[in-house]
Amino acid sequence: GAELVSANAMLTQVESEASEERARFEAESAALTQQLQEEASALEGRLGVLTAERDALATQYQARLDEREALERQLDLAQSECTANASAKLQLELDSAKRMAELGAQLSAHEEEVEEAVSSESRLSQALATAHASVSELQARETETAAANVSL
């Protein structure tokens, strides 16, 4: 009789401790899940910003390429005009040479801008890949937490 009462008391104490531990674990799990969801949301927001920045850079890059092609066409035209007018007066030849030099300088300046845009796009692509990896990792952690909650 006394042993049964003692065993029942111990069982009640163990059940109480287990219930407290389960409640504590569930609270910690809920807090961790909330934190992971907030981090994932923040990363998704950052991912959106990076994607927008990358798209803007891609647009700028394409605009620079279009400008470069236009400058190359202008340079080709200036060179053709110079060749066609080889028998023209010296002043006309000097003006054409000056125009070609200006266009060459503009082309060089735009090529530097295009290279800078390519470099920026590469850095943004790397940041975007890192953000994607972080979101995937957070989603995996959230799945593990959910699985742990279910097993309880």
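Now for a description of the structure that goes with this document. This is a predicted model, so every value here is computed, not measured.

Here His 110 shows up in helix α2 (residues 90–151). A polar contact of 3.0 Å, which involves the side chain of His 110, links it to the side chain of Glu 67. Not counting residues up to four positions away in its chain, the partners in contact with His 110 are Arg 64, Glu 67 and Leu 71.

With that settled, consider helix α1 (residues 2–84). Here α1 is 83 residues long and its end C-alpha atoms lie 120 Å apart, about the 123 Å a rise of 1.5 Å per residue gives. Those residues of α1 that sit buried are Ser 29, Thr 33, Leu 36, Ala 40, Leu 47, Leu 50, Leu 57, Leu 71, Leu 75 and Ala 78.

Further remarks concern the pattern of salt bridges. Applying the stated rule across the entire model yields six salt bridges. A salt bridge links Glu 67 to Arg 64; the nearest nitrogen and oxygen atoms lie 3.5 Å apart. With Glu 67 and Arg 64 both in helix α1 and three residues apart, the pair spans about one turn of that helix. Accessibility expressed as a relative area gives 29% for Glu 67, which makes it partly exposed. Put simply, Arg 68 and Glu 72 hold a salt bridge, and the shortest N to O gap is 3.1 Å. Here Arg 68 pairs with Glu 72, and both are found in helix α1, just four residues apart, close to one helical turn. Looking at Arg 68, the relative accessible area reads 28%, which means it is partly exposed.

The rules we used
Residues numbered from 1 in each chain as written. Predicted model: local features only at pLDDT ≥ 70, side-chain atom pairs only at ≥ 80, totals over all residues. Heavy atoms only, no water. Helix = DSSP H or I, 4+ residues; strand = E, 2+ residues; numbered from the N terminus. Polar contact = N/O pair within 3.5 Å; in protein donor to acceptor, adjacent residues only side chain to side chain. Contact = heavy atoms within 4.5 Å. Expected span 1.5 Å × (residues − 1). Buried < 20%, exposed > 50% of the residue type's maximum accessible area, 1.4 Å probe, protein only. Salt bridge = Lys/Arg side-chain N within 4 Å of Asp/Glu carboxyl O.

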